[in-house]
Amino acid sequence: MNNQRFIIRKVAVLGAGVMGAQIAAHLVNANIETLLFELPGDEKTPNANVLKAIEKLNKQEPAPLSIKSKATFIRPANYEQHLGLLKECDLVIEAIAERMDWKRDLYAKVAPHLGEQTIFASNTSGLSINQLAEAFPETLRHRFCGVHFFNPPRYMHLVELIPCQSSDAMMLDHLEAFLVTYLGKGIVRAKDTPNFIANRIGVFSLLATMHHAKEFGFGFDVVDALTGTLIGRPKSATFRTADVVGLDTLAHVVNTMRDTLSDDPWHRYFKVPDWMQGLIDSGALGEKVKRGVYQKINGEIHVLDLATQSYRLSAGKVDEDIKQLLKFSDPVEKFIVLRTAEKQQAQFLWAVFRDLFHYCAVQLEDIADNARDLDLAVRWGFGWNQGPFEIWQAAGWKQLVEWIEQDIASVKSMSSEPLPQWVHKIAQSSTQSIHTPQGSYAPAFDQLQPRSRLPVYRRQLYPDRLIGETAEYGKTIFENDAIRMWHLDDDDQVAILSFNTKMHTIGIEVLQSVQQAILEAEKNWRALVIWQTELPFSAGANLQKATEKPKPSGHRPAPPSAFQQFLRKFMKTTQATVLKAARELDLADALMASKLAEVNHMIQQFQQTSQALRYSMIPTVAAVDGLALGGGCEFVMHCDRAVATLESYIGLVEAGVGLLPAGGGCKEFALKAARNAKDGDPFPLLKHYFQTVAMAELAKSAEQAKEFEYLRRADTIVMNRFELLHVAKAQALAMAEAGYRPPLRAREIPVAGSTGIATIQAQLVNLLEGQFISEHDYLIGKKIAQVMCGGDLTPGSLVDEDWFLELERAAFMELIATEKTQQRIEHTLKTGKPLRN
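This one's a predicted model, so the numbers in the text were calculated from it and none came from an experiment.

Moving on: the sheet that holds strand β6 (residues 144-149). What the eight strands build is an open sheet, ordered β3-β2-β1-β4-β5-β6-β7-β8; its pairing is mixed. Every interior strand has two partners, whereas the edge strands, β3 (74-78) and β8 (186-189), have only one. Averaged over neighbouring strand pairs, the angle between their axes works out to 25° when direction is ignored. As paired elements, strand β5 (residues 119-122) and β6 share three bridges and run parallel to each other. Across the sheet, S122 pairs through a bridge with G146, a residue of β6.

Here it is in structure tokens:
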């Protein structure tokens, strides 16, 4: 492949099963023209099978598509009629069933139809890439490789890139760059070994955990309570993960390990447990059939009890002292207790970790280029907070080496295989670190290996870092407890604003500091970017301190859980949405003490800050990733531009706790309606915007945020969160280079007035009489309508922005003074559930 610019315009996916269809979905999420192939249906509807697969995409959770309409951009095709279309494709991804013979037959069928420069990649999860390559003519093998996506492809960051012996090096580099920037993926180059890296380690960890669960006699629910979020892994833990993956799919991967890894020292453990095979034989395949290790019965989760071979209520508990131990921030102390404690749950966890560390150390050189690739593969592919070697390093490398060797000698480990010599070398080093700022250890070269130097990674100013790596966030301009204003280097012209508050909450200190930062930027910088060093953009402030009880002496606070887990829980429940809406308000002390004057002052500050972002003399850009709720959303709406990752979850959700947006959010929607009104009547658009605010609509992707108009059509969506700051800075500088001036303040805004209010109010009355909403819901809706319609004025009356802001503030103060809104907030904080009073 020559060195000309590599462009992928069109992609074909072969196979419309679970993975193939979702890969196609993610390609159209990225605005890539995509064909999806499947076996033909009947003569009347040749594309029936693939059309059915596309239709299913809009019914799946979590949603594979960023917005439902994206499904129409997937072009259906079948192998009998449309193979000629493959010549138009720059990339073809094969994603059919994991059968070597089926894949080879398909390759022979499609090879004659590929274009001269077409890259052909298999999404196999573990079959040999070199053996698959043999099915291609030798002249095509240099354009063949493996690209292993993880399920679900939209959300899982990992793609393993596996070359065959003939793969062209430049082709692999170009493909990696495409996957990183255009699909937003984290790429790990894996060796052609069975199950590659992530599945090899992840499935071994599952098998080891299952083995020790049997040895200790623990129930499945107890094991899952122990091996989930408490140890930095997904809530699905072990057996729930098996259900999610599919017991039949997991069995296939295990059998692949059994059949292809006969020389692995742990080979005797590579077998499907009898209980699992029994479930598979009975059709209990896990989540996809609603029955596996777990089953929901009458709305409650039940778990299989091996002793009775029946389902019982899931009630697995972790011993309280073990739970507190696992919440320790000091991993060294934690592992000392796990290693020495007499409690069975502690011994079980030590055994699980010990055998994982042992296996990773022995297999590293064969399956990965370096320790970084192994750790990132497990983190990105299985959702762990830290990779195995990171955990080991944090817990004290040398001490754990001694303990592992002792257990090997006393036949406590699952294998008697000795630890490799490089492990001892690290133990004797001054840093005892497998990950360092200079790189991660590579056994094959007996040296530290730095990160990839491919040009695409220059876009990642702050890549996903490992323990031992440092992140130096530029030079400070000014900093306080609320925010930090900084820049990247001496020649940089863009100031960056990051919040120091937990979950990047917005309180009075943040508001005042943002105003200070805008003044500083206007004096000395060409643009201002709001970007957070960690997720999320802004999940809101904490009302909890007003109601929480003092902690007992010696209490160890739990560290915050990984944001990925928080986000999953948030996206699944309205209750969590409402909880975060409450926390977003940052009014706890004032609310609970009825200091309404302080509340009023804060709302004034919020509005001033929003307006300052809108009308500053330098361009302002919101770099959004993750949650942007309430005030965070209002900041986004008031910046000149937003650059958002696809996985941004944005919304004005105040109505969920009995309030309304008062930081300019209602005003912005009223302005949009007036600006885009046909025949001067803003009401037709206002009805849509009213519904968005009154129903506390939350956009579940940046694309959907554009549909809700929290984002503008001109705002940029990036696929890779680690490229966000790079793109946001470029956008800010582009506006500055174009001779940026702030927009003129709107001074003649036509309102829908009393007629608009009456129309919405009539609809609310119908909902109230039909008992679809409560009387307090009715009050909230009426207040939102009064604000967005411009108050009780004659339709068409002209007002300015300050008029809407004053209406916002007054309505907010009226609602927050009501007993029922205060009850809603307090109830939500205490229970995490909404109150409909």
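So, next bit.
Evaluated as defined, the whole model comprises 40 aromatic pairs. A ring pair is formed by Y473 and W531, whose centres lie 6.2 Å apart and whose planes are at 50°; its orientation type is tilted. Of the two residues, Y473 sits in the loop between β14 (447-449) and β15 (475-479) while W531 sits in the loop between β18 (527-530) and α18 (563-572), which places them 58 residues apart along the sequence. Here Y473 and W531 have matching classes, each one buried. Centre to centre, the rings of F669 and Y710 are 6.1 Å apart; their planes meet at 45°, and the pair counts as tilted. Of this pair, F669 sits in helix α23 (residues 665-675) while Y710 is found in the loop between α25 (702-708) and β22 (716-718), placing the two residues 41 residues apart along the sequence. The exposure classification of F669 matches that of Y710, with both residues buried. Through a chain of ring-to-ring contacts, three or more aromatic side chains come together here, namely F335, W350, F353, F357, F389, W392, W397, W403, W422 and Y441. The ring of W384 has R233 sitting right over it, with the charged end atom 3.8 Å from the ring centre. The side chain of R745 reaches across the aromatic face of Y615, ending 4.2 Å from its centre.

So, about the side chain of R372. Along the chain, R372 turns up in helix α14 (residues 371-382). No salt bridge is formed by the buried R372. Its closest oppositely charged neighbour is D373, at 4.4 Å. A distance of 3.0 Å separates the side chain of R372 from the backbone oxygen of Q449, its partner in a polar contact. In this view, R372 contacts H435, G439, S440, Q449, P450, R451 and L466; residues no more than four positions away in its chain are not counted.

The strand order across the open sheet built from three strands is β12-β13-β14, with neighbouring strands paired in antiparallel fashion. Among the strands making up the open sheet, the edge pair consists of β12 (435-436) and β14. Of the strands in this sheet, β12, β13 (439-442) and β14 touch α14, which is tilted by about 105° from β13.

Within the largest apolar cluster, 124 residues are counted, with the highest numbers of intra-cluster contacts made by F335, F389, W392, W397 and W422. Membership of the second largest hydrophobic core comes to 81 residues, among which are L528, L629, C666 and V693.

Along its twelve residues, helix α1 (residues 18-29) runs 17 Å from first to last C-alpha, staying within 8% of the 16 Å computed at 1.5 Å per residue. The buried fraction of α1 is high, at eleven of twelve residues. Listed as buried for α1 are M19, G20, A21, Q22, I23, A24, A25, H26, L27, V28 and N29. One or two positions beyond α1, positive phi appears at N31, with a value near 60°.

Bringing a nonpolar patch on the surface into the picture now. There is a patch of nonpolar side chains on the surface, built from V332, I336 and V337 and spanning about 190 Å² of accessible area. As for its placement among the helices and strands, V332 is situated in helix α12 (residues 331-340).

Within the structure shown, the criterion is met by 40 salt bridges. One salt bridge in this structure joins R339 and D407, with 2.6 Å as the shortest N-O distance. With R339 in helix α12 and D407 in helix α15 (residues 388-409), this residue pair connects regions lying 68 residues apart in the sequence. Looking at D407, the relative accessible area reads 1%, which means it is buried. A salt bridge links K425 to D446, with the shortest nitrogen-to-oxygen separation between them at 2.8 Å. Of this pair, K425 sits in helix α16 (residues 421-428) while D446 sits in the loop between β13 and β14; the two residues are 21 residues apart in sequence, bridging distant segments of the chain. By relative accessible area, which is 41% here, D446 ends up partly exposed. Each of R339, R354, D355 and D407 takes part in one network of salt bridges that share partners.

Looking now at the side chain of Q611. Along the chain, Q611 turns up in helix α21 (residues 596-615). A polar contact of 2.8 Å, which involves the side chain of Q611, links it to the side chain of K667.

Right, let's talk about the confidence of the model for the protein chain for a bit. Scored by pLDDT, the protein chain comes out at a mean of 92, with 93% of its residues at no less than 70. Every residue in residues 541-575 scores below 50 in pLDDT, and together they form 60 contacts with partners more than four places removed in sequence or on other chains.

Okay, the packing of α21 against helix α29 (residues 801-816) next. One way to put it is that α21 packs onto α29 with a least axis distance of 10 Å and a crossing angle of 150°. On the basis of the axis angle, α21 is roughly antiparallel to α29. Crossing handedness for the pair α21 and α29: right-handed. Contact residues: α21 offers L596, V599, N600, I603, Q604, Q607, Q611 and Y615, while α29 offers E801, L805, E808, R809, F812, M813 and I816. In terms of residue class, the contact of α21 with α29 is made up of eight nonpolar, four polar and three charged.

Rules of the game
All chains use their own residue numbering, which begins from 1 and follows the written sequence. Totals for whole chains, interfaces and linings use every residue, but because this is a predicted model, local features are given only for residues with pLDDT of at least 70 and side-chain atom pairs only at 80 or more, for both listing and counting. Excluding hydrogens and water, the side-chain values take into account all heavy atoms of the structure. A strand pair is defined by DSSP finding two or more bridges across the two strands. Where helices and strands are cited, they refer to DSSP runs of H or I of at least four residues and of E of at least two residues respectively, numbered from the N terminus. Only the stretch in contact is used when fitting a helix axis, every axis being a line fitted to C-alpha atoms; angles between N-to-C directions are given from 0 to 180 degrees. Working definition: a ring pair exists when centres of Phe, Tyr or Trp rings (six-membered ring for Trp) sit within 6.5 Å. Plane angles under 30 degrees give stacked, over 60 give edge-to-face, the rest tilted. Each residue gets one of three labels from its accessible area relative to the maximum for its type: buried under 20%, exposed over 50%, partly exposed in between, using a 1.4 Å probe on protein chains only. A ring is scored as having a charge over it whenever the NZ atom of a lysine or the CZ atom of an arginine sits within 6 Å of its centre and within 35 degrees of its normal. Neither His nor the chain ends contribute to the count of charged residues, in which Lys and Arg are positive and Asp and Glu negative. What makes a salt bridge here is a side-chain nitrogen of Lys or Arg within 4 Å of a carboxyl oxygen of Asp or Glu, nothing more. Pairs of N or O atoms are called polar contacts if they sit within 3.5 Å, as long as, within protein, a hydrogen donor faces a hydrogen acceptor (for residues adjacent in sequence, only side-chain-to-side-chain pairs). Residue contacts follow a heavy-atom distance rule, with two residues in contact if any of their heavy atoms lie within 4.5 Å. Take the buried residues of types Ala, Val, Leu, Ile, Met, Phe, Trp, Tyr and Cys, join any two whose side-chain atoms come within 4.5 Å, and each joined set is a nonpolar core. Take the number of residues in a helix, subtract one, and multiply by 1.5 Å to get its expected span. Note on patches: the residues involved have over 30% relative accessible area and no salt bridge, like charges join within 9 Å, and the nonpolar side chains Val, Leu, Ile, Met, Phe, Trp and Tyr join within 5 Å. Only the protein chains shown count as cover for residues, and the accessible areas themselves come from Shrake-Rupley with a 1.4 Å probe. On a range of 0 to 100, pLDDT expresses the predictor's confidence in each residue. Orientation categories follow fixed angle ranges, with anything under 35 degrees roughly parallel, anything over 145 roughly antiparallel, 65 to 115 roughly perpendicular, and all other angles oblique. Here a crossing is called left-handed whenever its near helix is offset anticlockwise from the far helix by less than a right angle, and right-handed whenever the offset is clockwise. Asp, Glu, Lys and Arg are counted as charged, while Ala, Val, Leu, Ile, Met, Phe, Trp, Tyr, Cys and Pro are counted as nonpolar; the rest, among them Gly, fall into the polar class.

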